[in-house]
Amino acid sequence: MKKIIVLLLLCSAAFAQNTTLPPGELSVNGTASAKVAPDEITFTLRVSKENKAEAEALKQLNAELDALQQYISKSGIPMKQVKITDYSIKAITRKSTDDVVEKVFVATATIRAKTQLNYKIADNLYTEMQSGKYKGVEVNYMTSISEGLAQKTNDTLEKQAIADAKGNAENTAKEFGVKISGIKSINKGHDSDYDKDGVPDYLDVDYISSQTIFTKFEVAEHTLTEYVSVVYFIKN
């Protein structure tokens, strides 16, 4: 990474008289990066049921939601991490195969279940989805880095970035024949290649392949980076 190093020497009239160089400032940057594997996974199960009768569409939807929640409760995913959202029903008109216009009701809802990334839980869920018990269910999953892991990693990287900046400062000070006498200020920042709003991978239960085994899924690591800009006091 390109290091931007700026040396600021505050001179006075005394310098012209060959006296001691007055205190100045040395500004340097430091950086540190690390690869981090996601430790959380969120499953999104979108359920859709349709029927010519509104009450029947809702009945089928609720029955499917109950069945899915019963499985999830036994899967090892904490129920406090399970939420039902986007519950709705709407009427639509369409043409049947024989060109007859018909009115049907479509009832939909979404179950979101978040837990620690556990391959056994994930694989069991996909095996359950392939059992043929559920219809009209689309399963999405997205891995993520927990706030706790991100904070812990960033704290470690921050120390490493400051150490990197100090090394840069010492090398620069040596080159200019001055000494570091203390820190004036530190500005910090961080970045990552991790997009929390990325597009999730999905699997349509109605068209699921028996060859889909979650344990073979490789979770991509993400790069977390810490940046620091440190201003040191310097002297001769």
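Residues numbered from 1 in each chain as written. Predicted model: local features only at pLDDT ≥ 70, side-chain atom pairs only at ≥ 80, totals over all residues. Heavy atoms only, no water.

### Digging into the overall build of the chain
Reasoning step 1: From N to C terminus, the chain includes three helices and nine strands.
Reasoning step 2: In the chain, the order of α-helices and β-strands from amino to carboxyl end is β-β-β-α-β-β-α-β-α-β-β-β.
Reasoning step 3: The long-range fraction of contacts in the chain, counting pairs at least 24 apart against all pairs at least 6 apart in sequence, stands at 82%.
Reasoning step 4: Surface accessibility of the chain: about 14,300 Å² in total, with carbon and sulfur atoms responsible for 50%. (Helix = DSSP H or I, 4+ residues; strand = E, 2+ residues; numbered from the N terminus. Contact = heavy atoms within 4.5 Å. Areas by Shrake-Rupley, 256 points an atom, 1.4 Å probe, with all protein chains shown as cover.)

### Describing the confidence of the model for the chain
Reasoning step 1: Per-residue confidence for the chain gives a mean pLDDT of 82, with 80% of residues at or over 70.
Reasoning step 2: When the criterion is pLDDT under 50, residues 1–22 qualifies, and its contacts beyond four places in sequence or with other chains add up to 35 contacts.
Reasoning step 3: Residue range residues 197–216 is modelled with pLDDT below 50. Its contacts to residues more than four positions away, or to other chains, number 42 contacts. (pLDDT = per-residue confidence, 0-100.)

### Observations regarding helix α2 (residues 119–129)
Reasoning step 1: Every buried residue belonging to α2 is among I121, A122, D123, L125, Y126, E128 and M129, and all of these are buried.
Reasoning step 2: Near the N-terminus of α2, the side chain that reaches the backbone nitrogen of K120, with its oxygen 2.9 Å away, is that of N118. (Buried < 20%, exposed > 50% of the residue type's maximum accessible area, 1.4 Å probe, protein only. Polar contact = N/O pair within 3.5 Å; in protein donor to acceptor, adjacent residues only side chain to side chain.)

### Overview of the side chain of E40
Reasoning step 1: With respect to the helices, strands and loops of the structure, E40 is situated in strand β3 (residues 40–51).
Reasoning step 2: Here K114 takes part through its side chain, which lies 3.4 Å from a polar atom of the side chain of E40.
Reasoning step 3: Apart from the residues lying within four places of it in its own chain, the contact partners of E40 are K114, T115, Q116, L117, M142, T143, S144, I145 and S146.

### Topic: the pattern of salt bridges
Reasoning step 1: In total, this model carries nine salt bridges according to the counting rule given.
Reasoning step 2: Between E128 and K133 there is a salt bridge, and its shortest N-O distance comes to 3.3 Å.
Reasoning step 3: Given a relative accessible area of 13%, E128 falls into the buried group.
Reasoning step 4: In this structure, a network of salt bridges that share partners links the residues E50, K52, R94 and E102. (Salt bridge = Lys/Arg side-chain N within 4 Å of Asp/Glu carboxyl O.)

### Focus on the environment of F43
Reasoning step 1: Along the chain, the position of F43 falls in strand β3.
Reasoning step 2: A residue is classified by how much of its surface remains accessible, and F43, at 0% relative accessible area, is buried.
Reasoning step 3: Sequence-wise, F43 and K114 are 71 residues apart; in three dimensions their C-alpha atoms are separated by 6.3 Å.
Reasoning step 4: The contact partners of F43, leaving out residues within four places of it in the chain, are I77, I111, R112, A113, A122, L125, Y126, N140 and Y141.

### Quick notes on the environment of K90
Reasoning step 1: With respect to the secondary-structure elements, K90 resides in strand β4 (residues 82–95).
Reasoning step 2: Relative accessible area serves as the criterion here: at 54%, K90 is assigned to the exposed category.
Reasoning step 3: Residues K90 and E50, 40 residues apart in the sequence, show an inter-C-alpha distance of 9.5 Å.
Reasoning step 4: Apart from the residues within four sequence positions on either side, K90 is in contact with V104, F105 and V106.

### Overview of the nonpolar core
Reasoning step 1: F43, L45 and L68 are the most contacted members of the largest nonpolar core, which totals 28 residues.
Reasoning step 2: Going through the elements one at a time, β3, α1 (54–75), β5 (101–116), α2 and β6 (137–144) are the ones with two or more residues in this core.
Reasoning step 3: Not counting the four nearest positions on each side in its chain, L45 is found in contact with L68, A109, T110, I111, M129, V137, E138 and V139. (Core = buried A, V, L, I, M, F, W, Y, C linked by side-chain atoms within 4.5 Å.)

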